[in-house]
Amino acid sequence: MTSIWGDAVTGETETTARRLREGMEGGVLSFPLTSFRDDGSLDPDGFRAHVADRLATAPGALFPACGTGEFFSLDEDEYRQVVTVAVEEAAGRVPVVAGTGYGWAQAARFARIAEEAGADALLVLPHYLVAAPQAGLVAQLEQIAARTRLPLIAYQRGQVAYTPASLRRIADIPNVIGLKDGHSDLDRLQRLTLAAPQGFLFFNGAATAEIQARAYATVGVPSYSSAVHAFAPEIANAFFTALRGHDDKTVDRLLRDFYVPFVELRDRVPGYGVSLVKAAARLRGGPVGPVRAPLTDPSPADLADLRALLDTGLDLVGASL
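For clarity, every value in this text was computed on a predicted model and none was experimentally measured. All chains use their own residue numbering, which begins from 1 and follows the written sequence. Totals for whole chains, interfaces and linings use every residue, but because this is a predicted model, local features are given only for residues with pLDDT of at least 70 and side-chain atom pairs only at 80 or more, for both listing and counting. Water and hydrogen atoms were dropped before computing side-chain values, which therefore reflect all heavy atoms in the structure.

Attention now moves to the overall build of the protein chain. For the purposes of this entry, the term helix denotes a DSSP run of H or I that reaches at least four residues, the term strand denotes a run of E that reaches at least two, and both are numbered from the N terminus. Counting its secondary structure elements, the protein chain contains 12 helices and eight strands. Exposure is judged per residue with a 1.4 Å probe applied to protein chains only, and the accessible area is read against the type maximum: over 50% gives exposed, under 20% gives buried, and values in between give partly exposed. With 321 residues in all, the protein chain has 52% of them scored as buried. The contact criterion used throughout is that any non-hydrogen atoms of two residues lie within 4.5 Å. Sequence-distant contacts, at least 24 apart, represent 73% of the contacts inside the protein chain between residues at least 6 apart. Side chains of the protein chain give 30 positive and 38 negative charges; the mean places of these two sets differ by 3 Å. When charges are counted, Lys and Arg are positive and Asp and Glu negative, with His and the chain ends excluded. A single reference atom marks each charge: NZ on Lys, CZ on Arg, CG on Asp, CD on Glu.

Encoded structure:
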């Protein structure tokens, strides 16, 4: 598929891909939480403070208004505010990759907003509700790509799973630069990495990605998103440093004493993958507020367990609540 934007935008796409590659080598991918007030309204000032705190801990890139940021609960005006704040706070220091999704017509509307707000790229979240054949999955990205100048990262999760043949087709779309994987099917993922052209980016997007970070690295996908970075960058960065330094003893200790118990707690209730992260940020004084329906905040008992686990994790890396 030929780009309608011309060589100048192709150059911008290559620059963004390079910046992301460099960022992935130096830090975790940060997915900030979207701040809401107690009445459920957007809190832009709280979000600005939260983003500034994340950026102070040297992430490789910033991904606002994605799954952890409750993209699915934002209207278009709120989305514009969230992406604008993220771009302003990043100030060019790291790439800003905004979420977009639903059907391609809606995704294109969000893409235009992100482009106007100054985002560097887009993460295309799985489309809404229906299963689709491979040709349709490819066409979805083609339709979005034809309506934005921004580079796109496809996200396979839920009902979206590409075959190697489809991966080659989406990699031929000029502004599709990478794939984020949330299926954790390493056999499929290895086939995809081998089918991809040189320079195509891959991201580990498994839930609590640190759990599978070593396994993903064995098939050529060392970079990963970190929800933990949204509330405990000390833990997230210590794990990243140990993993990249092949410090298996530290990796194992953090997995055994923090990450695995966190996943077990997360799996108690659907939606805790976001709710627990937000609750943990609030426990540390983060101005992120509650989740929006259909998510629910943790029960008092689960919140107590979360606090104890957070104390343990922070103690492991020499930090405190």
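Attention now moves to the sheet that holds strand 4 (residues 121-124). Across the sheet, five strands lie side by side as 3-4-5-6-7; this open sheet has parallel pairing. With partners counted over all chains shown, the strands left at the sheet margins are strand 3 (97-100) and strand 7 (201-204), one partner each. On average, each strand axis in the sheet is inclined to that of its neighbour by 25°, with strand direction left out of account. Note on pairing: DSSP must find at least two bridges between two strands before they are called paired. In terms of strand pairing, strand 5 (residues 152-156) meets strand 6 (residues 176-181) through five bridges, oriented parallel. Opposite Ala 154, over in strand 6, you have Leu 179 as the bridge partner. To obtain each axis, a line is fitted to C-alpha atoms, and for helices this fit is confined to the stretch in contact; angles are then taken between N-to-C directions over 0 to 180 degrees.

The next point concerns the packing of helix 11 (residues 272-283) against helix 12 (residues 300-316). Between two packed helices, what matters for the description is the angle formed by their axes and the separation of those axes. Packing of helix 11 against helix 12 brings their axes to within 10 Å, and their N-to-C directions diverge by 65°. The hand of the helix 11/helix 12 crossing is right-handed. Across from Tyr 272, Leu 276, Ala 279, Ala 280 and Leu 283 in helix 11, the residues of helix 12 making contact are Asp 302, Leu 303, Leu 306, Arg 307 and Leu 310. Residues of the contact of helix 11 with helix 12, tallied by class, amount to eight nonpolar, no polar and two charged. Handedness of a crossing is defined here by the sense of rotation of the near helix relative to the far one, left-handed for an anticlockwise turn of less than a right angle and right-handed for a clockwise turn. Amino acids outside the nonpolar list (Ala, Val, Leu, Ile, Met, Phe, Trp, Tyr, Cys, Pro) and the charged list (Asp, Glu, Lys, Arg) are all regarded as polar, and Gly is one of them.

In the cavity and pocket records, a cavity denotes points on a 1 Å grid over the protein atoms alone where a 1.4 Å probe fits but cannot get out, a pocket denotes an open set with protein on both sides within 12 Å along at least 5 of 7 lines, and lining residues are residues with an atom within 4 Å of a point. Grid points are joined across faces, edges and corners, and a volume is the space filled by probe spheres set on the points. Under the definition given, this model contains three cavities of 30 Å³ or more. One number sums up the size of the largest cavity: a volume of about 70 Å³. Lining the largest cavity are Val 124, Leu 125, Pro 126, His 127, Leu 137, Gln 140, Leu 141, Ala 154, Tyr 155, Val 160 and Tyr 162. Contributions of two or more residues to the lining of the largest cavity are made by helix 5 (134-145) and strand 5. Sorting elements by how many residues they give to the lining of the largest cavity places helix 5 first, with three residues. Classifying every residue of the lining of the largest cavity by side-chain character gives nine nonpolar, two polar and no charged.

Another point: the layout of surface pockets. Considered as a void within the structure, the largest pocket measures approximately 820 Å³ in volume. Gly 67, Thr 68, Phe 72, Tyr 155 and Arg 157 are, among the 34 residues lining the largest pocket, the residues nearest its centre. Looking at the lining of the largest pocket, the elements that each hand over two or more residues are strand 8 (225-226), helix 10 (248-266) and helix 11. Of all the elements, helix 11 adds the most residues to the lining of the largest pocket, at three residues.

Right, let's talk about the packing of aromatic side chains for a bit. Under the pairing criterion, centres of Phe, Tyr and Trp rings, with the six-membered ring standing for Trp, must be within 6.5 Å; the plane angle then separates stacked pairs below 30 degrees from edge-to-face pairs above 60, leaving the rest tilted. By the definition in use, this model includes 14 aromatic pairs. Ring geometry for Phe 71 against Tyr 79: centres 5.8 Å apart, planes inclined by 75°, an arrangement best described as edge-to-face. Both residues of the pair, Phe 71 and Tyr 79, belong to the buried class. Here Phe 231 and Phe 262 contribute two aromatic rings whose centre-to-centre distance is 5.7 Å and whose plane-to-plane angle is 35°, an arrangement assigned as tilted. Here Phe 231, found in the loop between strand 8 and helix 9 (233-244), pairs with Phe 262, found in helix 10; they are 31 residues apart in sequence, far enough to count as distant. For the pair Phe 231 and Phe 262, one class covers both residues: buried. Among the aromatic residues, those joined into a ring-pair cluster are Tyr 224, Phe 231, Phe 239, Phe 240, Phe 258, Tyr 259 and Phe 262. Here the guanidinium or amino end of Lys 180 rests over the ring plane of Tyr 155, the centre of that ring lying 4.4 Å away. Here, over-ring charges are defined by two tests on the NZ atom of lysine or the CZ atom of arginine: distance to the ring centre within 6 Å, and angle to the ring normal within 35 degrees.

As a further point, take the pairing of strand 5. Counting buried positions along strand 5 gives five out of five residues, so the element sits mostly inside the fold. Of the two faces of strand 5, the one holding Leu 152, Ala 154 and Gln 156 and the one holding Ile 153 and Tyr 155 are both buried throughout. Where strand 4 and strand 5 come together, three bridges link them in parallel fashion. For Leu 123, the partnering residue across the bridge sits in strand 5 and is Ile 153.

Here we take up the side chain of Gln 156. Examined against the element boundaries, Gln 156 turns out to sit in strand 5. N or O atoms closer than or at 3.5 Å make up a polar contact, with two conditions inside protein: a donor-capable atom paired with an acceptor-capable one, and, for residues adjacent in sequence, both atoms drawn from side chains. Here the side chain of Gln 156 touches Tyr 162 through a polar contact of 2.9 Å, landing on its backbone nitrogen. A distance of 2.6 Å separates polar atoms of two side chains, one belonging to Gln 156 and the other to Asp 181. Apart from residues no more than four positions distant in its own chain, Gln 156 is found in contact with Ala 161, Tyr 162, Leu 179, Lys 180, Asp 181, Gly 182, His 183, Arg 188 and Leu 192.

What follows covers a nonpolar patch on the surface. Together, Tyr 128, Leu 129 and Val 130 line one region of the surface with nonpolar side chains, adding up to about 360 Å² of accessible area. Of note, Val 130 is situated in the loop between strand 4 and helix 5. Each patch groups residues whose relative accessible area exceeds 30% and which form no salt bridge, using 9 Å between like charges and 5 Å between nonpolar side chains of Val, Leu, Ile, Met, Phe, Trp and Tyr. Surface exposure here means Shrake-Rupley accessible area, sampled with a 1.4 Å probe, where a residue is shielded only by the protein chains that are shown. A side-chain nitrogen of Lys or Arg and a carboxyl oxygen of Asp or Glu constitute a salt bridge if their distance falls within 4 Å.

If you walk across this open sheet you meet the three strands as 2-1-8, and the pairing is parallel. Here the strands that pair on one side only, and so sit at the sheet edges, are strand 2 (61-62) and strand 8.

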